[in-house]
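Listed below, chain by chain, are the residues.
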Amino acid sequence: MSFGVAARAAGPEVVAGPSADPNCYVPWTDKTKFFKYPAKKGPYRVALANGYIANTWRIQMIQTAKAYAAQPDVAAKLKEFKVVSTGEDVAAQIASINNFIDSGYDAIITDAQNPAAFKSVIKRANDAGVVFVAFDNVIDTEDALLVNVDQKGLGVYWAKWLDKYLPNGGKILEVRGVSGTGVDKDRHDGIHETLDATGKKWDIVEVYGKWDDPTAQKVTADAIAVQKHFDGFTAQGGDTGVVQAMIDAKQPFVPFGGETENGFRKFCAKYGDEGLKCASGGTGPAQVAVAIKTALAALDGQVVPQSIKLPLATAEYPNFKDGRDYYSNLSDNFFVGNSFPTCNINFNAAEIMGQTKENK
């Protein structure tokens, strides 16, 4: 694969592929550009500018980032690793990024609160020679590095599961994530476009669970109280809370396309033969480690794709196995699928849970 070199006033140079590590840094499509940043001398100052933190996934993501930064091979490359979470305020997250640029950090990693609001701050980062990496909730840009799974494809995956087990269509409860985020929109679009294409009649009730068990449990309980019955469920997160609400309301078990929480998969394994036929797929918080690894590679002057595609971690009825797909001895509030072997990134639960969610 070959691309012409584009002249740029600042930021990375567009060069020919492949990447320095093709097994890890997989380009999003065959048209994805490849970037090469000017090599800097380490060790590096790297910052994680997180937004929303009030759910298990984000907390575990922060813990995973700290755990990865503490691994000896990674720590040797870091002079400083800073973590800040600013909540749902987009302006506050952008201000924190500007702060890191002004403070001379070498790389900034972000899980963006809004996909369209970061254009000016990306330009500032490129002008200052700062490597900018967005992951999970990525940004609408070709001027920064992006690391993500196919979020829309995940919505497609869940919808195909419901289509498979509901031959006549039916009433679906869709428990969405955090309103306004790119992940929520992409997954939602994947679900609706796929179900619409089946030609079946679907009645989809939408609620926002914020990827959080208590919130998702409450909005699910409220929806069941009003609607009385659902033929299927799909949830972007907080899935353990969704199933608990079903149990509490005596909602019969039905097909469910959901995320990768340990508690959710425990329920899927326990109640699958009673009707809770699950497809569990998602984006483990360990993708933050791939984002950090990508930033360090870029700082070293290695060639990386502008947009990197990560694999999904999936498990389906009737094949949930303890010790592989879920862990009966671990907390419900733990996302499984925390390894990316192709990137040589592996964690055990103790490494992750031994870290805090606090700003560092």
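Residues numbered from 1 in each chain as written. Predicted model: local features only at pLDDT ≥ 70, side-chain atom pairs only at ≥ 80, totals over all residues. Heavy atoms only, no water.

Participant: Help me understand the packing of aromatic side chains, please; the structure alone is not making it clear to me.
Facilitator: The relative placement of two aromatic rings is captured by the distance of their centres and the angle of their planes. Counted by the stated rule, this structure contains nine aromatic pairs. Here the aromatic rings of Phe 230 and Phe 233 are separated by 5.5 Å at their centres, their planes lie at 65 degrees, and the arrangement is edge-to-face. For Phe 233, a relative accessible area of 0% corresponds to the buried category. Every member of this aromatic cluster is reached through a ring pair, and the members are Phe 230, Phe 233, Phe 256 and Phe 264. Above the ring of Tyr 105, the side-chain terminus of Arg 45 is found at 4.1 Å from the ring centroid. (Phe/Tyr/Trp six-rings, centres within 6.5 Å; stacked < 30°, edge-to-face > 60°. Buried < 20%, exposed > 50% of the residue type's maximum accessible area, 1.4 Å probe, protein only. Lys NZ or Arg CZ within 6 Å of the ring centre and 35° of its normal.)

Participant: So what exactly am I meant to see when it comes to the pattern of salt bridges here?
Facilitator: Within this structure, the stated rule accounts for 17 salt bridges. The partner of Asp 163 in a salt bridge is Lys 200, with the nearest N and O atoms 2.6 Å apart. Of this pair, Asp 163 sits in helix H5 (residues 151–165) while Lys 200 sits in the loop between helix H6 (182–197) and strand E9 (202–208), and the two are 37 residues apart along the sequence. What makes Asp 163 partly exposed here is its relative accessible area of 25%. Here Glu 206 makes a salt bridge to Arg 176, at a shortest N to O gap of 3.1 Å. A residue pair is termed long-range when its members are at least 10 positions apart, and Glu 206 in strand E9 and Arg 176 in strand E8 (residues 170–176) qualify at 30 residues. Residue Glu 206 is classed as partly exposed on the basis of its relative accessible area, which comes to 36%. Judged by relative accessible area, which is 8%, Arg 176 ranks as buried. One network of salt bridges, with partners in common, ties together Arg 176, Asp 184 and Glu 206. (Salt bridge = Lys/Arg side-chain N within 4 Å of Asp/Glu carboxyl O. Helix = DSSP H or I, 4+ residues; strand = E, 2+ residues; numbered from the N terminus.)

Participant: Help me out: how do you make sense of empty space enclosed by the protein in this one?
Facilitator: It is the rolling of a water-molecule-sized probe over the atoms that shows where space remains empty. Tallying each qualifying case throughout the model produces two cavities of 30 Å³ or more. Roughly 90 Å³ of volume is contained in the largest cavity. If you go around the largest cavity, the residues you meet are Asn 55, Trp 57, Arg 58, Asp 136, Val 183, Arg 187, Trp 211, Gln 236, Gly 237, Glu 259, Thr 283 and Phe 335. Counting only elements with at least two residues in the lining of the largest cavity, the list comes to helix H1 (56–70) and H6. Considering only residue class, the lining of the largest cavity consists of four nonpolar, four polar and four charged. The wall of the second largest cavity is formed by Thr 56, Trp 211, Asp 212, Asp 213, Gly 238, Glu 261, Asn 333 and Phe 335. (1 Å grid on protein atoms, 1.4 Å probe; cavity = no way out; pocket = protein on both sides within 12 Å on 5 of 7 lines; lining within 4 Å. Points joined across faces, edges and corners; volume = space filled by probe spheres on them. Nonpolar A, V, L, I, M, F, W, Y, C, P; charged D, E, K, R; others polar.)

Participant: What exactly am I supposed to notice about the sheet that holds strand E13 (residues 303–305) here?
Facilitator: What holds strands together in a sheet is hydrogen bonding between their backbones, with the strands either parallel or antiparallel. Strand order in the open sheet formed by three strands is E1-E2-E13, and the pairing between neighbours is antiparallel. Edge positions in the sheet fall to strand E1 (13–15) and E13, since each of these pairs with one other strand and no more. Within this sheet the neighbouring strands show an average axis-to-axis angle of 45 degrees, counted without direction. Relative to strand E2 (residues 34–36), E1 runs antiparallel, the two being bridged by three bridges. Counted as the bridge partner of Val 14 is Phe 35 from E2. (Pairing = 2+ DSSP bridges. Axes fitted to C-alpha atoms, helices over the stretch in contact; angles between N-to-C directions.)

Participant: So what exactly am I meant to see when it comes to the nonpolar core here?
Facilitator: One broad rule of soluble globular proteins: the nonpolar side chains tend to lie buried together. Residues Leu 48, Phe 81, Ile 109, Val 131 and Phe 135 are the most contacted members of the largest nonpolar core, which totals 50 residues. Among the elements that make up this core, the one with the highest residue count is helix H10 (residues 287–299) (10 residues). Membership of the second largest hydrophobic core comes to 40 residues, among which are Ile 204, Ile 224, Phe 256 and Phe 264. (Core = buried A, V, L, I, M, F, W, Y, C linked by side-chain atoms within 4.5 Å.)

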